[in-house]
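What follows is the residue order along each chain.
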Amino acid sequence: MVTSSVVITGAASGIGRACVELFAARGFGVVAVDLDEAVLSTLTGQPGQPGPEQVVPLVGDVSREETGTAMAQLALARFGRLDVAVLNAGIGGTLPWEAAGAVERLDRIFAVNVRGVVIGIRSVVPVLRGSGGGSIVVTASSGGLQGEPGNWAYNASKAAVINMVRAAALDHAVQNIRINAVAPGLTETPLTARHRTDPELAAAVGRRIPMQRWGYAREHAAAIWFLASPEASYVTGTTLVADGGLTAHHGAVPLPARPEF
Ligand SMILES: NC(=O)c1ccc[n+]([C@@H]2O[C@H](COP(=O)([O-])OP(=O)(O)OC[C@H]3O[C@@H](n4cnc5c(N)ncnc54)[C@H](O)[C@@H]3O)[C@@H](O)[C@H]2O)c1
């Protein structure tokens, strides 16, 4: 019998999947939302995994209002309450300014990364209120704080999310709902698999990230857990950057070298 519940979007892979594992391990009932039905089905059923009574999959596109409605209703129907929403689904992809279809791609990135978060907040707030309040954590990005070559659409969407979280926090504080973001830096997930094999980027990680490594999805799940938990009871409207020091370093002055780089 679970006593708390969470909705997690982008739950099948990477950071969202790590959140499913962490929240389930800590006793939460989980509504796991993702577009990818096949991978969603691998969240439960194996030895050591939570059972289907604790992690409930929902196939849906976060940019569609019916997904927001369905995830909030499912949490209520299966667990009787909702305490936390982790609005994590996001897409990226560098995009030359002159590329054919660039504006349509921009629209899609904003539909998932910005509209999807708006829909998520609007959908879960009434259910969180019905549970006496709660916490929403949005996955932004260090790319919302700085620009990256060719990543203008993603950078713009994540910057929008960071400021939206501030505004949303103001509007919902009196309802006992805290709203925060995490801003991961470069993280080892399927989203970045292609980039991790790029030798130039691998060398740049050593030169530009003070901790000189990629982050892991479980490290962001831990930051999300903190923001969602009562330990962060006076924290709202903020973005917790977890990027190994990347955005603390302006980059013009080289970092101290380490022998392995
Ligand atoms: N990996 C990184 O380096 C990194 C860095 C900063 C921020 N982020 C952010 O973290 C979040 C998670 O990224 P990740 O690295 O775990 O990526 P990922 O690709 O491993 O997982 C993202 C999941 O979201 C799902 N998804 C995509 N569009 C969706 C939609 N419209 N509706 C429902 N589900 C959808 C995908 O199917 C996938 O399972 C994203 O918001 C991303 O922008 C990632």
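By convention here, each chain's residues receive numbers from 1 onward along its written sequence. The predicted nature of this model means local features are confined to residues of pLDDT at least 70 and side-chain atom pairs, given and counted, to a pLDDT of 80 or more, with totals for whole chains, interfaces and linings taken over all residues.

*Asks:* Just give me the short version of the overall build of the protein, but keep the residues and values in it.
*Replies:* Numbering of helices and strands starts at the N terminus; helices are DSSP runs of H or I of at least 4 residues and strands are runs of E of at least 2. From N to C terminus, the protein includes eight helices and nine strands. Every radius of gyration here is taken over C-alpha atoms, with the globule rule written as 2.2 Å times N^0.38, N being the number of residues. Rg of the C-alpha trace for the protein: 18 Å, near the compact-globule value of 18 Å for 261 residues, within the 12% margin. Projected onto its principal axes, the C-alpha positions of the protein cover 55 × 40 × 40 Å. Any residue with 12 or fewer other C-beta atoms within 10 Å of its own C-beta is exposed, any with 20 or more is buried, and the rest are partly exposed; the C-beta atoms used are placed from the backbone. Evaluated residue by residue, the protein yields a buried proportion of 44% over its 261 residues. Any two residues are considered in contact once their C-beta atoms, placed from the backbone, lie within 7 Å. Partitioning the intrachain contacts of the protein with sequence separation of at least 6 by distance along the chain shows that 73% fall at a separation of at least 24.

*Asks:* Describe in detail the packing of helix H4 (residues 102-130) against helix H5 (residues 152-172), supporting the description with residues and values.
*Replies:* Here an angle of 0 to 180 degrees is reported between the N-to-C directions of two axes, which are lines fitted to C-alpha atoms, with helices fitted over the stretch in contact. At a minimum axis distance of 9 Å, the contact between H4 and H5 shows a crossing angle of 15°. Judged by the inter-axis angle, H4 sits roughly parallel to H5. Like other packed secondary-structure pairs, H4 and H5 cross with a definite hand, here right-handed. Residues Arg105, Leu106, Ile109, Phe110, Asn113, Val114, Val117, Ile121 and Val125 of H4 pack against Ala153, Tyr154, Ser157, Lys158, Ala160, Val161, Met164, Ala168 and His172 of H5. If an angle is under 35 degrees, it is roughly parallel; if it is over 145, roughly antiparallel; if it lies from 65 to 115, roughly perpendicular; otherwise it is oblique. Definitions for this section: a left-handed crossing has its near helix turned counterclockwise from the far helix by less than a right angle. A right-handed crossing has that turn clockwise.

*Asks:* Help me get a handle on the environment of phenylalanine 28, residues and values and all.
*Replies:* On the secondary structure map, phenylalanine 28 appears in the loop between helix H1 (14-25) and strand E2 (29-34). Taking the C-alpha atoms as reference points, phenylalanine 28 and arginine 129, 101 residues apart in sequence, are found 18 Å from one another. When neighbours within four sequence positions are excluded, phenylalanine 28 is seen to be in contact with Val2, Ser4, Ser5, Val6 and Phe23.

*Asks:* An account of the site of the ligand is needed here, citing residue identities and associated values.
*Replies:* As a structural note, the neighbourhood of the ligand is formed by 29 residues, with Gly10, Ser13, Gly14, Gly90 and Thr189 the closest of them. Secondary-structure elements contributing two or more residues to the shell around the ligand are H1 and H4. Note on residue classes: Ala, Val, Leu, Ile, Met, Phe, Trp, Tyr, Cys and Pro are nonpolar, Asp, Glu, Lys and Arg are charged, and everything else, Gly too, is polar. Here the shell around the ligand is built from residues that sort into eleven nonpolar, 15 polar and three charged. Whether a residue is near a molecule or strand depends on its C-beta atom, generated from backbone atoms, being within 6 Å of that molecule or strand.

*Asks:* Requested: an account of helix H8 (residues 217-228), with residues and values cited.
*Replies:* Counted at 1.5 Å a residue, the expected span for H8 with its twelve residues is 16 Å, and the 16 Å between its end C-alpha atoms agrees. Along H8, the positions that sit buried rather than exposed are Ala217, His220, Ala221, Ala223, Ile224, Trp225, Leu227 and Ala228. In a helix, the anticipated span is given by 1.5 Å times the number of residues less one.

*Asks:* Give a detailed account of H1, specifying residues and quantitative values.
*Replies:* Over its twelve residues, H1 extends 17 Å from the first C-alpha to the last, a length consistent with the 16 Å expected when each residue adds 1.5 Å. Of all twelve residues that make up H1, ten are buried, and the element is covered over most of its length. Gly14, Ile15, Gly16, Arg17, Ala18, Cys19, Val20, Leu22, Phe23 and Ala24 are the residues of H1 that are buried. Phi for glycine 27, located one or two positions after H1, is positive at around 95°.

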